[in-house]
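The residues making up each chain are set out below.
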Amino acid sequence: MRTQFAILTLALGLLIPASETFAQRPQTRDGFNISFGFGGGSAGIDCRGCQTSRLSGTVLYVNIGSTINQRLTLGGELNGYSRSSQNEDDTIASLMAVAHFYPAPRMGFFFIGGAGMTSMSLDNHVDLVNVTSTGLGAEIGAGYDIRLGRNFSLTPYAAFVRGFAGMAKVNSVSAGEKVTPNYAQFGLGFTWH
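Residues numbered from 1 in each chain as written. Predicted model: local features only at pLDDT ≥ 70, side-chain atom pairs only at ≥ 80, totals over all residues. Heavy atoms only, no water.

(A) Inspection of the overall build of the chain at higher detail. Secondary structure assignment for the chain yields 1 helix and 10 strands. Going residue by residue from the N terminus, the α and β elements of the chain occur as α-β-β-β-β-β-β-β-β-β-β. Pairs at least 24 residues apart make up 63% of the contacts formed inside the chain by residues separated by at least 6 positions. For the chain, the accessible area works out to roughly 10,100 Å², and carbon and sulfur atoms hold 65% of it. (Helix = DSSP H or I, 4+ residues; strand = E, 2+ residues; numbered from the N terminus. Contact = heavy atoms within 4.5 Å. Areas by Shrake-Rupley, 256 points an atom, 1.4 Å probe, with all protein chains shown as cover.)

Right, dumping it as structure tokens:
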């Protein structure tokens with residue numbers, strides 16, 4: 001958790017000074033917006049009595065929303081992490097209501113906050129074991145809209161998604177154990193305002 005916090009802090013430290021550089025294009029938000037993006041991430045699972053290490057994988061998101069005012073957009077987001085190897089396929093997905101808060105409306109920097117559902121599936125092809133869990137989830141993060149045109153931005157982002165103690169099922173049978181999946185993500189989005 002300390003490593004994730006340090007990486008998120010570093011990303012924010014790099015994004016904030018960049019806001020002055022990209023201030024030439026006006027940052028206006030109006031009406032409907034859509035964004036999608038992809039990048040890399042690191043996922044882990046917390047549970048009582050299990051030992052798991054963080055694994056790198058691919059992350060992606062799709063966000064559709066609306067501008068409330070120049071500081072706030074609200075929307076829905078489908079967000080996910082995926083990793084495949086010869087022996088295992090891991091997926092964590094979330095469906096969230098999200099808010100993007102712009103502390104300085106004329107700048108592109110924003111904070112991300114969201115809440116919704118998170119689902120996990122771990123498929124081990126060697127042992128023929130499938131572990132699943134679904135529960136509540138939350139997302140925090142930050143990004144920056146680099147305005148390239150009147151209605152288009154490139155959006156580098158960093159976020160952390162955490163599920164909250166869903167009951168694990170092993171091969172569709174309750175394991176009697178709660179698991180908490182989480183993933184950190186860093187990527188690039190494409191946003192139409």
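Moving on from the model shown.
(B) Highlighting the nonpolar core. In terms of nonpolar packing, the biggest core is built from 15 residues, with Tyr81, Ile92, Met120 and Tyr183 touching the most fellow members. Among the elements that line this core, the one with the most residues is strand β4 (residues 88–101), at 3 residues. Apart from the residues within four sequence positions on either side, methionine 120 is in contact with Ile45, Thr91, Ile92, Val131, Thr132, Ser133, Val179 and Pro181. (Core = buried A, V, L, I, M, F, W, Y, C linked by side-chain atoms within 4.5 Å. Buried < 20%, exposed > 50% of the residue type's maximum accessible area, 1.4 Å probe, protein only.)

The analysis is restricted to geometry; functional conclusions fall outside its scope.
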